[in-house]
Amino acid sequence: MKIIMLGAPGAGKGTQAKMIADQYGIPHISTGDIFRANIKEQTELGMEAKTYMDKGALVPDELTVKILLDRVAKDDCKSGYVLDGFPRTIPQAEVLDKAVKELNETIDYAINVEVPDENIIKRMSGRRACLACGATYHVEHVPPKKEGICDRCGKELVLRDDDKPETVKKRLEVYHAQTQPLIEYYNKKNILKEVDGTKDMKDVFADIVKILGA
Ligand code: AP5
Ligand code: MG
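Residues numbered from 1 in each chain as written. Chains lettered and ligands numbered in written order. Predicted model: local features only at pLDDT ≥ 70, side-chain atom pairs only at ≥ 80, totals over all residues. Heavy atoms only, no water.

(A) Layout of the side chain of threonine 31. Take threonine 31: it is sitting in helix α2 (residues 31-40). In terms of polar contacts, threonine 31 uses its side chain to reach the backbone carbonyl oxygen of glycine 85, at 3.1 Å. Once residues within four sequence positions are removed from consideration, threonine 31 is found in contact with Thr64, Leu68, Asp84, Gly85 and Phe86. (Helix = DSSP H or I, 4+ residues; strand = E, 2+ residues; numbered from the N terminus. Polar contact = N/O pair within 3.5 Å; in protein donor to acceptor, adjacent residues only side chain to side chain. Contact = heavy atoms within 4.5 Å.)

Structure representation (structure tokens):
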């Protein structure tokens, strides 16, 4: 099963993608996580991506597309994957379509997690992330067992550099201008599914399972 998660920054794409990956036994692929891992390792790619991410801008397609195509070509993607944060522009979607078609495969679902902008800024300031293993928490909705420490790997939790309110506003602007058009793009391909992302995260997941089948 090949799934794309759509939605504004902070809509819960990552939260739901991880649950989907666990339930259906497919890899969760987040371009944002790949960039953050590279920033942490201070690779050349990471340093370049950071200059865009810190401003709330998109990393250029030339850098992003290659990383994603290399990742989905790996053996563990043969039975499917859930993409979180890719595609984010129409050209990225077209490259993905072409790559999938060359393998005689198809994307099964594009799930749009719908959350109004007003809810997003509040959510993001409460998010805490583990840069070591990619786990995310929320100070109110999903607190870690021990404050500031990742339940999964024991490392320190941080507020992401791009989760400051002024950067979140910029990311929302970029989302509406460059990424939202993908909703119509996938609607035209008849694979778009919408879920209400303002519900409790377990209820959002239950709605997704109804779409995907148990
Ligand atoms: P990326 O890491 O993809 O960030 P994003 O899309 O901005 O999305 P987030 O990860 O911030 O939010 P999310 O939807 O995953 O929400 P989450 O589940 O964490 O990208 C970062 C940057 O990298 C981009 O700005 C860009 O620069 C670059 N980049 C990445 N991919 C790119 C690409 N393809 N092309 C170009 N550039 C790219 O949830 C948010 C919070 O809310 C959490 O605290 C969570 O616990 C909480 N929460 C989740 N669901 C609920 C719920 N139902 N109720 C209450 N709280 C909830
Ligand atoms: Mg995410």
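(B) Just the sheet that holds strand β7 (residues 157-158), in detail. Spatial ordering of the open sheet is given by β6-β5-β7, a layout of three strands whose pairing is antiparallel. Unpaired on one side and paired on the other, β6 (136-138) and β7 mark the two borders of the sheet. Bridge count between strand β5 (residues 127-130) and β6: three bridges; the pairing is antiparallel. Paired with alanine 129 across the two strands is threonine 136, which belongs to β6. Set on the sheet, helix α6 (residues 117-126) makes contact with β5 and β6; between it and β5 the angle comes to about 45°. (Pairing = 2+ DSSP bridges. Axes fitted to C-alpha atoms, helices over the stretch in contact; angles between N-to-C directions.)

(C) Spotlight on the site of ligand 1. The immediate surroundings of ligand 1 are formed by 35 residues, with Thr15, Ala57, Arg88, Arg127 and Arg171 found nearest. Here glycine 10 contributes a backbone N or O atom positioned 2.8 Å from an oxygen atom of ligand 1. Measuring from a nitrogen atom of ligand 1, one finds a side-chain N or O atom of threonine 31 at 2.7 Å. When isolated, ligand 1 has an accessible area of 1,000 Å², and the protein chains bury 96% of it. Secondary-structure elements contributing two or more residues to the shell around ligand 1 are α1 (13-24), α2, α6 and β6. At four residues, the largest contribution of residues to the shell around ligand 1 is made by α2. Of the residues in the shell around ligand 1, the class split is 13 nonpolar, 12 polar and 10 charged. (Near = heavy atom within 4 Å. Areas by Shrake-Rupley, 256 points an atom, 1.4 Å probe, with all protein chains shown as cover. Nonpolar A, V, L, I, M, F, W, Y, C, P; charged D, E, K, R; others polar.)

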